[in-house]
Amino acid sequence: LYLVGGCDNICARYNMPADSWELLKQPRMKHELGSAFGYGKRIFLCGGGQYSFMPHPDVEEYDMETNEWRVCKWRLPEGLRAFKVGYINKDSNE
């Protein structure tokens with residue numbers, strides 16, 4: 001379980017056996033009211049903004065294995081906030 005973004009620009013992972021949160025490297029930019037989705041061993045944090053009234057179209061990618069963030073080359077079509085995003089694996093049998 002990961003917690004990313006928000007007003008405090010947090011990135012944290014929940015350790016179930018220890019019943020505790022581990023703080024990880026923060027995203028490079030604010031994503032207040034942004035949205036996130038997981039894909040493989042990566043988390044994508046999309047849109048939001050420095051302040052909720054100034055949304056941006058930027059997307060950041062978090063690598064769970066290296067604990068590193070990078071800004072993606074691709075962006076949202078426009079600055080968005082308070083939206084949902086999801087990933088559907090069309091190749092899955094589930």
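Everything that follows concerns the structure shown earlier in this document.
Right, let's walk through the structure included here.

Cut-offs and rules
- Residues numbered from 1 in each chain as written.
- Predicted model: local features only at pLDDT ≥ 70, side-chain atom pairs only at ≥ 80, totals over all residues.
- Heavy atoms only, no water.
- Helix = DSSP H or I, 4+ residues; strand = E, 2+ residues; numbered from the N terminus.
- Polar contact = N/O pair within 3.5 Å; in protein donor to acceptor, adjacent residues only side chain to side chain.
- Contact = heavy atoms within 4.5 Å.
- Pairing = 2+ DSSP bridges.
- Axes fitted to C-alpha atoms, helices over the stretch in contact; angles between N-to-C directions.

1. Here's the deal with the side chain of aspartate 58
Positionally, aspartate 58 belongs in the loop between strand 5 (42–46) and strand 6 (59–63). A polar contact is formed between the side chain of aspartate 58 and the side chain of arginine 75, at a distance of 3.0 Å. The contacts of aspartate 58, once residues within four sequence positions are left out, are Met29, His31, Leu45, Cys46, Gly47 and Arg75.

2. Focus on the sheet that holds strand 5
Taking strand neighbours across the sheet as the criterion, the 4 strands line up as 4-5-6-7 in an open arrangement whose pairing is antiparallel. Here the strands that pair on one side only, and so sit at the sheet edges, are strand 4 (35–39) and strand 7 (68–71). Looking at each pair of strands side by side, their axes are set apart by 20° on average, direction ignored. Alignment of strand 4 against strand 5, held across 5 bridges, turns out to be antiparallel. By the bridge assignment for strand 5, serine 35 is matched with cysteine 46.

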